[in-house]
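So you can see what is in the structure, the chains are spelled out below.
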Amino acid sequence: MDGLVLLPPIVAIGLALWTRQVYLSLLVGLWLGTTLLEGGHPLLGLRRLGDELVAVFADAGNTRVVMFCLLVGGLIALVQASGGVQGFIAWAQRRGWGTSRRGAELLAWLVGLVIFVESSITSLVVGAVGRPFFDRLRLPREKLAFYCDATSAPVCMMIPLNAGALTCWDCWPRREFRTGPYVCWPKGCSITSSAG
């Protein structure tokens, strides 16, 4: 029975790689997990999955995070569909930016530093802008993912012009710290403060 707990994530990852449908694969993995929790009954697992998904939205903080992620993703998709990303890429190429491997990496890093509104927006913009340069120059996408990660939350927390950084900068002078897994996190700060 202990080995069965690995089955849902393995199925979800395998299905995502095979079908290239991430959301469907995650849903199948969740359904398989709730089915295992219900003793192997697929219909009871489906019912429990529905209950668990509804329970996520019972908490206002979770709902805000999901809504924020949907809005940010929609904004980036809208900018891509309207040609904004392609326009920026064409503009950058006309100026000779991103023509070499080092230049493409530098461009991704600079975009990550300049777009500091919110960490998830930074990651999405760096990925959308950097992907064509990295693909054309055959740079690994893992390196682009590193630039997305290295310039998202760290830069946003250093520049106090977004919700998460402002909340933390407001809490630090009080020196009220939590105990437990978030030892360095101030007591008055919510873990999901940047989405609210």
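Residues numbered from 1 in each chain as written. Predicted model: local features only at pLDDT ≥ 70, side-chain atom pairs only at ≥ 80, totals over all residues. Heavy atoms only, no water.

K.L.:
Which residues make up helix α1 (residues 7–19), and what values go with them?
P.N.:
Here α1 spans 18 Å end to end across 13 residues, near enough to the 18 Å set by a 1.5 Å rise per residue. On its buried face, α1 is in contact with α2 (22–37). Within two residues after α1, R20 carries a phi angle of roughly 60°, on the positive side. (Helix = DSSP H or I, 4+ residues; strand = E, 2+ residues; numbered from the N terminus. Expected span 1.5 Å × (residues − 1). Contact = heavy atoms within 4.5 Å.)

K.L.:
Would you mind going over the pattern of salt bridges in detail, with residue names and values included?
P.N.:
Scanning the model with the defined rule gives four salt bridges in all. Between R48 and E52 there is a salt bridge, and its shortest N-O distance comes to 3.7 Å. Of this pair, R48 and E52 both sit in helix α3 (residues 42–56), separated by four residues, roughly a single helical turn. (Salt bridge = Lys/Arg side-chain N within 4 Å of Asp/Glu carboxyl O.)

K.L.:
So, the packing of aromatic side chains: which residues are in play, and what are the values?
P.N.:
Here the structure, examined in full by the defined rule, presents four aromatic pairs. With a centroid separation of 6.5 Å and 70° between ring planes, the pair formed by F134 and Y147 is classed as edge-to-face. Residue F134 is found in helix α7 (residues 119–136), and its partner Y147 is found in helix α8 (residues 141–150); the two are separated by 13 residues along the sequence. By relative accessible area, which is 15% here, Y147 ends up buried. Relative to Y147, the ring of F146 lies with its centre 5.7 Å away and its plane at 65°, an arrangement referred to as edge-to-face. Residue classification places F146 among the exposed positions, given a relative accessible area of 52%. Taken together through their ring pairs, the aromatic side chains of F88, W91 and W97 make up a single cluster. (Phe/Tyr/Trp six-rings, centres within 6.5 Å; stacked < 30°, edge-to-face > 60°. Buried < 20%, exposed > 50% of the residue type's maximum accessible area, 1.4 Å probe, protein only.)

K.L.:
Tell me what's going on with the side chain of T122, and back it up with residues and numbers.
P.N.:
Within the secondary structure layout, T122 lies in helix α7. Taking the relative accessible area as the measure of exposure, T122 reaches 0% and is therefore buried. What T122 contacts, discounting residues up to four positions off in sequence, is G112, I115, F116, T151, S152 and C156.

K.L.:
Residues and numbers for the packing of α1 against α2, please.
P.N.:
In contact at an axis separation of 8 Å, α1 and α2 are set at 160° when each is read in the N-to-C sense. Here α2 runs roughly antiparallel to α1, going by the angle between their axes. You can see that α1 and α2 cross each other, and the crossing is right-handed. Where α1 abuts α2, its residues L7, P8, V11, A12, L15, A16 and T19 lie against S25, V28, G29, L32, G33 and L36. Partitioning the contact of α1 with α2 into residue classes produces nine nonpolar, four polar and no charged. (Axes fitted to C-alpha atoms, helices over the stretch in contact; angles between N-to-C directions. Parallel < 35°, antiparallel > 145°, perpendicular 65-115°, else oblique. Left-handed = near helix turned anticlockwise from the far one by under 90°. Nonpolar A, V, L, I, M, F, W, Y, C, P; charged D, E, K, R; others polar.)

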